[in-house]
Amino acid sequence: MDKKNNCCKNGGLDRFRLAASFLVIAIHTSPLTTISTDADFFLTRILARVAVPFFFMVTGQFILSDIFKKGKIKYSRVFYFLKKTCFVYGFCILLYLPIGIYAGYYENITIYEVIKLLIFDGTFYHLWYFPACIMGILLIIMLRRFISPAAVMAVCFLLYAIGLMGDSYYGLTSNIPAINKIYMEAFTIFSYTRNGLFFSPVFLILGTWSGYTRNCFERKNAFGGLILSFSAMTAEGFFLHINDLQRHDSMYIMLIPVMVFLYQLLLKWDISENRFARRFSAQIYIIHPAMIVLVRMLGRLSGLTDFITDNSIIHYLAVVLLSVLTAFISALLSDFFRSKEKPDPKGRAWIEISKTALEQNVRFLTSNLPGTCSLMPAVKANAYGHGAVIISKELNHLGIKNFCVACLNEGIQLRKNQIKGDILILGYTDPKQFDLLRRYNLTQAVLDSTYAHQLRQYGKPLKVHLAIDTGMHRLGTAAQNIDSLCDIMQIKNLKIQGIFTHLCASDGIDKKSRDFTRMQLHIFDHMISVLRSKGYDIPKTHVLASYGILNYPHLAEDYARAGIALYGVLSTYEDNKHYYEVLSPVLSLKARIASVRNLDKGEYAGYGLDFKSTEKMHIAILSIGYADGLPRNLSNMKGYVLINGRRAPIIGRICMDMTLVDISNIPDVCSGDIAVIIGHSGQDYISAAEVAAASGTISNEILSRLGERLERILV
Ligand SMILES: *Cc1c(COP(=O)(O)O)cnc(C)c1O
């Protein structure tokens, strides 16, 4: 049953953005002056003063949401937003430059004033918003580095109070000569205290706080609070106005509670999100001053000035109409261009690849090996599911010049994506395709003497590494078969650049495994010395894979074929625990929650009636399934995912594209939230090795089976 759950939709905020943008137009057009100046004062200097603080609060809620959380603040979102805002501000500056010049905004301007405009007042009268937003955010994140969230909030309130004394309450301030002097000085730096220092910080942080404490008021109380505080603000505004105390009229004491209650009410408005409204309202904000100029011009040109500009209501409506039209067209256009972009890679289910983790592992493994040995990462099976191209590119950047893959196609894929260096194919390549080895400059392993014969028959030069069987009995010419090896060494068209073997028990630390491994290494060394004594030049040699690097680092030769360890995991849960301090997992697997719903006692969920609830519960549907590589045998409580740092057991049978989890013990889960299948969430962590253990296999299998459908994102 899909009963309503109290979910964190932000549709109310989206709707109110539209209202706020019309209020901003009102501030700049004074629509009611024709009727009554008091009515207009109420509309534009009191009511409409909620608009801009509201915009700051929304920004605060979404951009600074980490401020109140414990642990490290993730700045990437903040900086992305700041970059975008700077870009928009720059665009607006250019857009309004001609209008500003036309309106005589910049006459006889000095460099000092230009800086003042850019940083505080805005280069056109509505553009102060952008620098105020940027400065407010910077101020808050800087403060947060040193002090607690509560202290940051206190500072923001204090700044607002200082701002008030230079705004609506300046009439009082100016009576105190000493303080007045300070304000007079300050006003040479900025025209109003309504700026990024005294105005935006408090609303940014209140927005963050509101989003964080979402349910701190009942709807009834929030509504009552809003009515009361707004009445008080109206009284405050008229009192200051009538007593002529206002220098400017953006800031009131009561504006703070008004905004808090209003915002809580909007958060409780249970209505779906509307991205179009977001873009549309921003466009209106940006474009409306140009439309004011345009309406005036049109009035003059058409000779209808009296009718249009002199009646304040008609003037307002004309500006609204033109702004809406222009914003609508430009929002449509930007939607159109956006729709041509690729869908959001984090839209459904995806893999995040940590660059730093990869770098750390490269560094750790390299430092574990003798200086003469370099890494030859195994990037087969799509780099163990991580994305062969992404991983190899990063490795190239880290100076790695040798790779090994399992098959021809994998090698070709890397070449087509400009991966540099030698690429060794460890497995079988059909002799009919030997041409492709040459075309893509790939190196082939010589799998046995029969295969060597086929390579000889091909006739054209090929780069190869000789595979040697030292006891695994999978691939390679037997190390003991010196005659056969000598034959291969003499094949004219083969450029033998390497010779290697594979250890099959280097992960075991028991005596049997260790003895076997030492025997394998001994057989390999012996074979090399025999070949050398027969006068053959010995090419580069390699014997170790991941476990070899960890357990026998001193026996490394020229290359070490690091696979699983390079990705920061080991095959089993036990091994993984041993090395978790030095290896950093590179991959996280995440999925969006598609839907959240309630189950009554006795209701079923998922295929085959496997799951029946024994009590009322809350479940989430994840947009990831076995087709994405989530092992189906984690069904029915065998596996977990992390949501908001807590474990949610998988219930019922995992479907091809979806998975059901129990979230009864996790509050505030909403559709669109992120579930972590592998990786960190809050204090908790699920490793690939843990998932592997739960489904009865090794990490290597779990990772390498992660589906094509998952996007791979570098972070
Ligand atoms: C896959 C593979 C490797 C890498 O193995 P890991 O244990 O993942 O490091 C090395 N050598 C050969 C021949 C392989 O097939």
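Residues numbered from 1 in each chain as written. Predicted model: local features only at pLDDT ≥ 70, side-chain atom pairs only at ≥ 80, totals over all residues. Heavy atoms only, no water.

- By the naming in an unreviewed UniProt entry, the protein is Alanine racemase, taken from Lentihominibacter hominis.
- The protein has a UniProt comment under Cofactor (unreviewed entry) that states "pyridoxal 5'-phosphate". (UniProt positions renumbered as here; feature names shortened; annotations may be inferred.)

### Some words on the environment of Phe-198
Now for step 1: Position of Phe-198 relative to the elements: it lies in the loop between helix H9 (177-189) and helix H10 (200-213).
Now for step 2: In this structure Phe-198 comes out as buried when scored by relative accessible area, which is 11%.
Now for step 3: In this structure Phe-198 touches Leu-159, Tyr-160, Ile-162, Gly-163, Phe-190, Thr-193 and Met-251, once residues within four positions along its chain are discounted. (Helix = DSSP H or I, 4+ residues; strand = E, 2+ residues; numbered from the N terminus. Buried < 20%, exposed > 50% of the residue type's maximum accessible area, 1.4 Å probe, protein only. Contact = heavy atoms within 4.5 Å.)

### What about the packing of helix H7 (residues 149-164) against H10?
Now for step 1: As a packed pair, H7 and H10 sit with axes 8 Å apart at the nearest point and diverge in direction by 145 degrees. Crossing angle aside, the handedness with which H7 passes H10 is left-handed. Across the interface between the two elements, Val-152, Met-153, Cys-156, Phe-157 and Tyr-160 from H7 touch Pro-201, Val-202, Phe-203, Ile-205, Leu-206 and Trp-209 from H10.
Now for step 2: Across the contact of H7 with H10, the residue classes break down as eleven nonpolar, no polar and no charged. (Axes fitted to C-alpha atoms, helices over the stretch in contact; angles between N-to-C directions. Left-handed = near helix turned anticlockwise from the far one by under 90°. Nonpolar A, V, L, I, M, F, W, Y, C, P; charged D, E, K, R; others polar.)

### Topic: a nonpolar patch on the surface
Now for step 1: On the surface, a nonpolar cluster with roughly 480 Å² of combined accessible area is contributed by Ile-109, Ile-111, Val-114, Ile-115, Leu-118 and Ile-119.
Now for step 2: With respect to the element layout, Ile-111 can be found in helix H5 (residues 111-121). (Patch = residues over 30% accessible without salt bridge, like charges linked within 9 Å, V, L, I, M, F, W, Y side chains within 5 Å. Areas by Shrake-Rupley, 256 points an atom, 1.4 Å probe, with all protein chains shown as cover. Salt bridge = Lys/Arg side-chain N within 4 Å of Asp/Glu carboxyl O.)

### Notes on the site of the ligand
Now for step 1: Taken together, Ala-378, Lys-380, Tyr-384, Leu-426, Arg-474, His-502, Ala-545, Ser-546, Arg-561, Ala-562, Gly-563 and Ile-564 are the residues near the ligand.
Now for step 2: At 2.6 Å from an oxygen atom of the ligand is found a side-chain nitrogen or oxygen belonging to Lys-380.
Now for step 3: Here Gly-563 contributes a backbone N or O atom positioned 2.7 Å from an oxygen atom of the ligand.
Now for step 4: Protein contact buries 87% of the 380 Å² of open area that the ligand shows by itself.
Now for step 5: Split by residue class, the shell around the ligand holds six nonpolar, three polar and three charged. (Near = heavy atom within 4 Å. Polar contact = N/O pair within 3.5 Å; in protein donor to acceptor, adjacent residues only side chain to side chain.)

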